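Chain residues, written in single-letter form:
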Amino acid sequence: MSVLEKTRAPEEPAAAREPRVADEHGRRIRVGELVLRYALLLAVLALTIGPFLWQLSTSLKGPTEDIYSSPPTFLPGDPTLHNYERVADTIPVWDYALNSLKVATANVVTNCVGSALAGYALARLRYRGRRVATLAFILAMLVPVEGIIIAQFTTMRELGLNNTLIGVVLPGCVGAMNVLLMRNAFLNLPYEIEEAAFVDGADVWQRFLRIALPSVKGTLAVVAIFAFMGAWDDFLWPLIVLSDPSRFTLTIGLNYLHGTFANDERLVAAGTIIAVAPLIALFACLQRYFFRGVGEGAVKG
């Protein structure tokens, strides 16, 4: 036997040359388990994305298509944007959207600023009553909105803010959940970094603005998304505090589509897509920071 034949490595079997499917720990996943995982993922995807896709399909169907056919047809035969034009002709949808944008933008700014300041104070500053203040924010999360909505309405009336967009923004300008998210994010930062800045002469505001805040941009994105979604989708509180149709938010304005055109689900579907589109755009812009912020604000056991 030649030296080349002796040193030649044995050929691997065909099964070993096949690509392996492994999890994050390097363990091989069986084919049956892989199929089950994808089946569950597809089922969850159908439950979460399916209604939205159905509304999108309905909003693109023309007046001659039967949306109640059995079995139902998912894809529109002749897609059209005429339903969106009819929504704009039926109600001042863009004025309502502008009001919602004002409320949501103000809610994002106040929540980001207020939650960051309060979260930093609860996480980093040392003062008497800090634990009690943290407990108060936790207890505030346990109180349902419906239980305090009468007190909120009475407060807005006494302040003269009924039927104003400020009255819509004020009760939710700083959320307890957002404060706790920022607190946990600041707690995860190493103390040594701020101690070095303190030795160099940085005061508390400089440490907050230049060191702590830039390190939790992901959690700020989470707070911004939650605040925008909460203000944009809110229906009950604007319905109670607003009475002038010119100040209605989008969720209240779209309700007129249900009452006046209850038999035309195409208009309702088009209005729903108009309301959801800004949320999708916001999440698409901030998704990179969102997933990073979930880890920054995680609660440690």
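Residues numbered from 1 in each chain as written. Predicted model: local features only at pLDDT ≥ 70, side-chain atom pairs only at ≥ 80, totals over all residues. Heavy atoms only, no water.

**Quick notes on the overall build of the protein**
(1) Moving on: Within the protein, the secondary structure is distributed over 15 helices and 0 strands.
(2) Moving on: Considering only contacts within the protein whose residues lie at least 6 apart along the sequence, 72% involve residues at least 24 apart. (Helix = DSSP H or I, 4+ residues; strand = E, 2+ residues; numbered from the N terminus. Contact = heavy atoms within 4.5 Å.)

**A look at the packing of aromatic side chains**
(1) Moving on: Taken as a whole and judged by the stated rule, the model has 7 aromatic pairs.
(2) Moving on: For the ring pair Tyr 120 and Phe 186, a centre distance of 5.3 Å and an interplane angle of 85° mean the geometry is edge-to-face. In this pair, Tyr 120 sits in helix α5 (residues 93-123) while Phe 186 sits in helix α9 (residues 176-187), placing the two residues 66 residues apart along the sequence. The burial state of Tyr 120 is the same as that of Phe 186; both residues are buried.
(3) Moving on: Judged by centre distance (6.2 Å) and plane angle (50°), the ring pair of Phe 186 and Phe 208 falls under tilted. (Phe/Tyr/Trp six-rings, centres within 6.5 Å; stacked < 30°, edge-to-face > 60°. Buried < 20%, exposed > 50% of the residue type's maximum accessible area, 1.4 Å probe, protein only.)

**Let's talk about the packing of α9 against helix α12 (residues 217-233)**
(1) Moving on: The geometry of α9 relative to α12 is characterised by a closest axis approach of 10 Å and an angle of 175° between their N-to-C directions. The pairing of α9 with α12 is recorded here as roughly antiparallel in orientation. Counted together, Asn 178, Leu 181, Met 182 and Ala 185 of α9 and Thr 219, Leu 220, Val 222, Val 223 and Phe 226 of α12 form the full contact between these two elements.
(2) Moving on: Across the contact of α9 with α12, the residue classes break down as 7 nonpolar, 2 polar and no charged. (Axes fitted to C-alpha atoms, helices over the stretch in contact; angles between N-to-C directions. Parallel < 35°, antiparallel > 145°, perpendicular 65-115°, else oblique. Nonpolar A, V, L, I, M, F, W, Y, C, P; charged D, E, K, R; others polar.)

**Details of the environment of Val 109**
(1) Moving on: Secondary-structure assignment places Val 109 in helix α5.
(2) Moving on: By relative accessible area, Val 109 is classed as partly exposed at 47%.
(3) Moving on: Residues Val 109 and Ala 224, spaced 115 residues apart in sequence, show a C-alpha to C-alpha distance of 7.9 Å.

**Brief notes about the pattern of salt bridges**
(1) Moving on: Per the stated rule, a full pass over the model turns up 4 salt bridges.
(2) Moving on: Glu 194 is the salt-bridge partner of Arg 124, the closest N and O atoms lying 2.9 Å from each other. Linking Arg 124 in the loop between α5 and α6 (130-142) with Glu 194 in helix α10 (residues 191-199), this pair joins segments that are 70 residues apart in sequence. Glu 194 carries the same exposure label as Arg 124, and that label is buried.
(3) Moving on: A salt bridge links Arg 247 to Asp 244, with the shortest nitrogen-to-oxygen separation between them at 3.1 Å.
(4) Moving on: Look at Arg 247 and you get partly exposed, because its relative accessible area is 33%. (Salt bridge = Lys/Arg side-chain N within 4 Å of Asp/Glu carboxyl O.)

**Side note on the environment of Asn 178**
(1) Moving on: As for its placement among the helices and strands, Asn 178 is situated in helix α9.
(2) Moving on: When the C-alpha atoms of Asn 178 and Ala 227 are compared, they prove to be 8.3 Å apart, with 49 residues separating the residues in sequence.

**A short note on α12**
(1) Moving on: With 17 residues, α12 should cover 24 Å at 1.5 Å per step; its first-to-last C-alpha distance of 24 Å lies within 8% of that length.
(2) Moving on: When α12 is considered as a whole, its buried residues turn out to be Gly 218, Thr 219, Leu 220, Ala 221, Val 222, Val 223, Ala 224, Ile 225, Ala 227, Phe 228, Ala 231 and Trp 232. (Expected span 1.5 Å × (residues − 1).)

**Topic: the nonpolar core**
(1) Moving on: Val 87, Ile 91, Met 182, Phe 186, Phe 228, Trp 232 and Leu 250 are the most contacted members of the largest nonpolar core, which has 53 residues in total.
(2) Moving on: In this structure, Leu 250 is in contact with Val 93, Tyr 96, Ala 97, Ser 100, Trp 232 and Ala 275, ignoring residues within four places of it in sequence. (Core = buried A, V, L, I, M, F, W, Y, C linked by side-chain atoms within 4.5 Å.)

**A word on the layout of surface pockets**
(1) Moving on: In this structure, the largest pocket encloses a volume near 860 Å³.
(2) Moving on: Residue assignment for the lining of the largest pocket shows that the elements contributing at least two residues are α5, α6, α7 (145-159), α8 (165-169), α9, α12 and α13 (236-241).
(3) Moving on: Considered class by class, the residues forming the lining of the largest pocket number 22 nonpolar, 8 polar and 1 charged.
(4) Moving on: The wall of the second largest pocket is formed by Ile 225, Phe 226, Met 229, Val 276, Leu 279, Ile 280, Leu 282, Phe 283 and Phe 290.
(5) Moving on: Listing elements by their share of the lining of the second largest pocket, those giving two or more residues are α12 and α15 (265-296).
(6) Moving on: Sort the elements by how many residues they give to the lining of the second largest pocket and α15 lands first, with 6 residues. (1 Å grid on protein atoms, 1.4 Å probe; cavity = no way out; pocket = protein on both sides within 12 Å on 5 of 7 lines; lining within 4 Å. Points joined across faces, edges and corners; volume = space filled by probe spheres on them.)

**As for the confidence of the model for the protein**
(1) Moving on: Averaged over the protein, the pLDDT score is 82; the fraction of residues at 70 or greater is 86%.
(2) Moving on: Note on residues 14-18: pLDDT under 50 across the span, and 1 contact to partners over four residues away in sequence or across chains.
(3) Moving on: Every residue in residues 297-301 scores below 50 in pLDDT, and together they form 8 contacts with partners more than four places removed in sequence or on other chains. (pLDDT = per-residue confidence, 0-100.)

**Remarks on the packing of α5 against α6**
(1) Moving on: Where α5 meets α6, the axes come as close as 9 Å, and the angle between the chain directions of the two elements is 135°. Relative to α6, the element α5 is oriented oblique. The handedness of the crossing between α5 and α6 comes out as left-handed. Here Ala 121, Leu 122 and Ala 123 of α5 lie close against α6, whose contacting residues are Arg 130, Ala 133, Thr 134 and Phe 137.
(2) Moving on: Its residues assigned to classes, the contact of α5 with α6 comprises 5 nonpolar, 1 polar and 1 charged. (Left-handed = near helix turned anticlockwise from the far one by under 90°.)

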